[in-house]
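Listed below are the residues making up each chain.
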Amino acid sequence: GRSFFGNGLVTAPYSKHLEDRKVLQPMFHREIVEQFSVCIADAVDAMLRRWHDQATIDVHAEMLAVTQRIILKALFSLEPEATLDRFARAIKVRRAYQEALLSSHSLAAMRLPNVESLRNSRADREMQAIVEEAVNRRRNSTPACTDLLGMLAGLRREDGSPLSDEHIFDETRTIALGGYETLAEALTWTWYLLSSSNDVRSRLHEEADAATVTGELAAADIPQLRYCRMVLAEAMRLYPPAWLLVRFAQRSDTLPSGALIKAGSQIYISQWVMHRSRKYFSEPDRFDPERFSDEAIRARPRFTYIPFGGGRRLCIGEQLVWTEGILVIAAIARRFALELDPPMVVKPEANVTLRPRSGMKMRL
């Protein structure tokens, strides 16, 4: 993890994680997240202008592209398009290398120099150079820049000291690498599930058409998109983008079953398994957004649904995922319905995230 995210929040050890989370939390307050609804609307509108009736698209590739565009604009709003393109290319190289390592059967793969590792190192240096130049501009800008990178540059620790350049870079690549692909997978599986349920899809389209107060969908419309949220939640139950969590026991403990967990043990928790448990979800393989009505949520134990993890390491960007996911789904649903082309069962592949094995072709 640290080879890809450095000492960012995702990989920070226990004591440092608590400190860093407190420092970073203001960036992810609801009011701040809602400021980026303009980035969301612009990116989705640009995508929809390329789509046309009866076209066949790879919806997985489209969702990856639009969510990456949104997070890069949220991070680097002042930077020219050429800089965003450079950063996106570097992310692609880094992600490909990470996937290759996870698929490798050799524990020595990361230690052996090869073409892929050299490309990965160059991509990391490219990302770092872009971030350093952008941070310097933000530190010297008046008024202060309010994109995510500008906020990172302006954060202060309890003692009043700013974040180091290295820490800012680690958090930036954590946001850039982790802040788009998980949502893209969730959106892709949402369209897959909707294509097989006409009733759910019809209700979603009706809500999206009726929701907007402002003419263009924005954060103010999210309270009117309750069913859209339920659909996205159910898609993440059936196809959790983060399908496996790894935690380390801080001290020895005994589970209710009598099993002893020794301090330092690695504990693996699978969202895929938990979310399909018959103990907590009747007919668990069935797509049913009503599982996420207020009443149904209250009736279940707290940690039966954990697409964002839980406890102190709950994903700090959860609010951003909900805001972005709901607005993207509603904006697309106002313009298009998506059908699998050809109709088929799409198989999931568990790598960095849970993705469709061979993309997902759909007709608009």
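All values reported here derive from a predicted model rather than from experimental measurement.

Thresholds, definitions, all that
Each residue is numbered by its place in its chain's sequence as written, counting from 1. Thresholds applied to this predicted model are a pLDDT of at least 70 for local features of residues and 80 or more for the giving and counting of side-chain atom pairs; totals over whole chains, interfaces and linings are not thresholded and use all residues. Excluded from the side-chain calculations are hydrogens and water; all other atoms, namely the structure's heavy atoms, are used. For every element, the axis is a line fit to its C-alpha atoms; helices are fit only across the contacting stretch, and the angle between N-to-C directions ranges from 0 to 180 degrees. Put simply, DSSP H or I for four residues or longer makes a helix, DSSP E for two residues or longer makes a strand, and each gets a number counted from the N terminus. Crossing handedness is defined as follows: a turn of the near helix away from the far one that is anticlockwise and smaller than a right angle gives a left-handed crossing, while the clockwise case is right-handed. By definition in these notes, contact holds between two residues if any of their heavy atoms fall within 4.5 Å. Amino acid classes used here: Ala, Val, Leu, Ile, Met, Phe, Trp, Tyr, Cys and Pro are nonpolar; Asp, Glu, Lys and Arg are charged; the rest, including Gly, are polar. The buried label applies to any residue whose accessible area, calculated with a 1.4 Å probe on protein chains only, is under 20% of its type's maximum; exposed applies above 50%, and partly exposed to all values in between. Two strands qualify as a pair provided that DSSP identifies no fewer than 2 bridges between them. By convention a nonpolar core is built from buried Ala, Val, Leu, Ile, Met, Phe, Trp, Tyr and Cys residues, the set being connected through side-chain atoms within 4.5 Å.

**Let's talk about the packing of helix α4 (residues 37–50) against helix α15 (residues 318–333)**
- Packing of α4 against α15 brings their axes to within 10 Å, and their N-to-C directions diverge by 35°. Where α4 crosses over α15, the two elements pack in a sense that is right-handed. On the side of α4, the interface is formed by Ser37, Ile40, Val44, Met47 and Leu48, while α15 contributes Thr323, Glu324, Leu327, Val328, Ala331 and Ile332.
- Its residues placed into classes, the contact of α4 with α15 shows eight nonpolar, two polar and one charged.

**Quick notes on the environment of Asn198**
- Within the fold, Asn198 resides in helix α11 (residues 198–211).
- Looking at Asn198, the relative accessible area reads 48%, which means it is partly exposed.

**Observations regarding the sheet that holds strand β1 (residues 56–58)**
- Strand order in the open sheet made by the three strands is β1-β9-β6, with antiparallel pairing throughout. Either end of the sheet is taken by a strand with one partner, and the two such strands are β1 and β6 (339–340).

**Observations concerning the nonpolar core**
- One finds Val44, Trp51, Met63, Trp191 and Ile332 to be the most contacted residues of the largest nonpolar core, which totals 60 residues.
- Sorting the residues of this core by element identifies α4, α5 (59–75), α10 (181–194), α11, α12 (226–238) and α15 as the ones contributing at least two each.
- At ten residues, α15 tops the list of elements feeding residues into this core.
- Leaving out residues up to four positions away in the same chain, Trp51 has contacts with Ile57, Glu62, Met63, Ile332, Phe336 and Leu364.
- Residues Ala74, Ala90, Leu163 and Phe169 belong to the second largest nonpolar core, which totals 40 residues.

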